[in-house]
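Given next are the chains, with one letter for each unit.
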Amino acid sequence: METVSENRACGGVQGVYNHLSQTCRCEMTFGLFLPEEAKFGQIPLLWFLSGLTCTHENAMVKAGAQQWAAEQGIALVFPDTSPRGDQVADDEEYDLGKGAGFYINATQSPWMPHYNMWDYIAEDLPSLLQENFPLDMSRQSITGHSMGGHGALTLAMGIPKRFRSVSAFAPIANPTATEWGRKQFNAYLGDDKAAWAAHDATLLMKDKGFDGPLLVDTGTDDQFIDLLRPEALAQAANSRRQEAILRMQKGYDHSYFFVSTFMEDHISFHAEALYAD
């Protein structure tokens, strides 16, 4: 692991690090914020998964999360959204290829060698974090925005007992039903609809739900709302009687202005779960 930068922030340190990923088979970059409490012992960890076209940097710079994480004594990790490098397959469109990993393991050519973002978030990066930083990996929660909200929800439901709480900002909630999902799943996973279902938050909610608290915020003026389908997730959660707070925020769009506005709510929500015992 190589340190790219470390900056003093909100009483702690915002770092950026490179490492060779065994799952993605390329060099990957992530951001990690450690509050002051990390000097004295292990602290809980909150994952923030970013959306289409983003890198590790977007939320790290724009979401305003560090001040609230510092207040709660929580570490924040900002992974990248896809594999990178000249050898990694890409596409001319913004919603496929680099910046659009969709937090799944690709099974189709030319994506399969590198696009293993599920394993990267579930196994590869957690192992690296545990080895190198003072983190209590028994206390993890996860959140994300848009494609990252999709990833947060599916990872939380797909890996039982890993995360104490899950939240999302404007998640792609029902990707098998829209072009933000069908296009990518067909490219990465082929036409096996059973494989698609394992990465659809609405279908996972119907099938298994989440054993813990869930919070979702979506703006009523989100320009992509028809691709997000928040109503599908809400119906699935209600039919399952899932412990959940599902909010439509009047007048807000899909931007980081929206994300930063409700970041304090989300980090406080996760802090309650992370410090529950």
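Residues numbered from 1 in each chain as written. Predicted model: local features only at pLDDT ≥ 70, side-chain atom pairs only at ≥ 80, totals over all residues. Heavy atoms only, no water.

## Comments concerning the environment of Asn186
Next up, step 1: Within the element layout of this structure, Asn186 appears in helix H5 (residues 179-189).
Next up, step 2: Along the backbone, Asn186 and Ala168 are 18 residues apart, and their C-alpha atoms lie at a distance of 24 Å.
Next up, step 3: Setting aside residues up to four positions removed in sequence, Asn186 forms contacts with Gly181, Asp191 and Trp196. (Helix = DSSP H or I, 4+ residues; strand = E, 2+ residues; numbered from the N terminus. Contact = heavy atoms within 4.5 Å.)

## Points about the pattern of salt bridges
Next up, step 1: Scanning the model with the defined rule gives nine salt bridges in all.
Next up, step 2: Asp95 is the salt-bridge partner of Lys183, the closest N and O atoms lying 2.6 Å from each other. Of the two residues, Lys183 is situated in helix H5 and Asp95 in the loop between strand E5 (75-79) and helix H3 (117-132); the sequence distance between them amounts to 88 residues.
Next up, step 3: For Lys183, a relative accessible area of 27% corresponds to the partly exposed category.
Next up, step 4: Look at Asp95 and you get buried, because its relative accessible area is 8%.
Next up, step 5: Lys161 is paired through a salt bridge with Asp211; the nearest N and O atoms lie 2.6 Å apart. (Salt bridge = Lys/Arg side-chain N within 4 Å of Asp/Glu carboxyl O. Buried < 20%, exposed > 50% of the residue type's maximum accessible area, 1.4 Å probe, protein only.)

## Quick word on a negative patch on the surface
Next up, step 1: A cluster of acidic residues, Asp90, Asp91, Glu92 and Glu93, forms a negative patch on the protein surface.
Next up, step 2: Mapped onto the secondary structure, Asp90 falls in the loop between E5 and H3.
Next up, step 3: By relative accessible area, which is 43% here, Asp90 ends up partly exposed. (Patch = residues over 30% accessible without salt bridge, like charges linked within 9 Å, V, L, I, M, F, W, Y side chains within 5 Å. Areas by Shrake-Rupley, 256 points an atom, 1.4 Å probe, with all protein chains shown as cover. Lys, Arg positive; Asp, Glu negative; His and termini not counted. Charge placed at Lys NZ, Arg CZ, Asp CG, Glu CD.)

## Points about the packing of helix H2 (residues 65-72) against helix H11 (residues 263-274)
Packed helix pairs are specified by the crossing angle of their axes together with the interaxial distance, meaning the distance between the axes.
Next up, step 1: Between H2 and H11, the least distance of the axes is 9 Å, while the angle of their chain directions is 30 degrees. Put simply, H2 runs roughly parallel to H11. In the crossing of H2 with H11, the sense of the turn from one axis to the other is right-handed. The residues of H11 that touch H2, namely those facing Ala65, Trp68, Ala69 and Gln72, are Met263, Glu264, Ile267, Ser268 and Ala271.
Next up, step 2: When its residues are assigned to classes, the contact of H2 with H11 shows six nonpolar, two polar and one charged. (Axes fitted to C-alpha atoms, helices over the stretch in contact; angles between N-to-C directions. Parallel < 35°, antiparallel > 145°, perpendicular 65-115°, else oblique. Left-handed = near helix turned anticlockwise from the far one by under 90°. Nonpolar A, V, L, I, M, F, W, Y, C, P; charged D, E, K, R; others polar.)

## Concerning the packing of aromatic side chains
Next up, step 1: Per the counting criterion, the structure on display carries 14 aromatic pairs.
Next up, step 2: Arranged with centres 6.2 Å apart and planes meeting at 45 degrees, the rings of Tyr252 and Phe258 form a pair that is tilted.
Next up, step 3: Tyr252 sits in the partly exposed class, given a relative accessible area of 28%.
Next up, step 4: Residue classification places Phe258 among the buried residues on the basis of a relative accessible area of 0%.
Next up, step 5: The ring of Trp196 carries the charged tip of Lys193 above its face, separated from the ring centre by 4.6 Å. (Phe/Tyr/Trp six-rings, centres within 6.5 Å; stacked < 30°, edge-to-face > 60°. Lys NZ or Arg CZ within 6 Å of the ring centre and 35° of its normal.)

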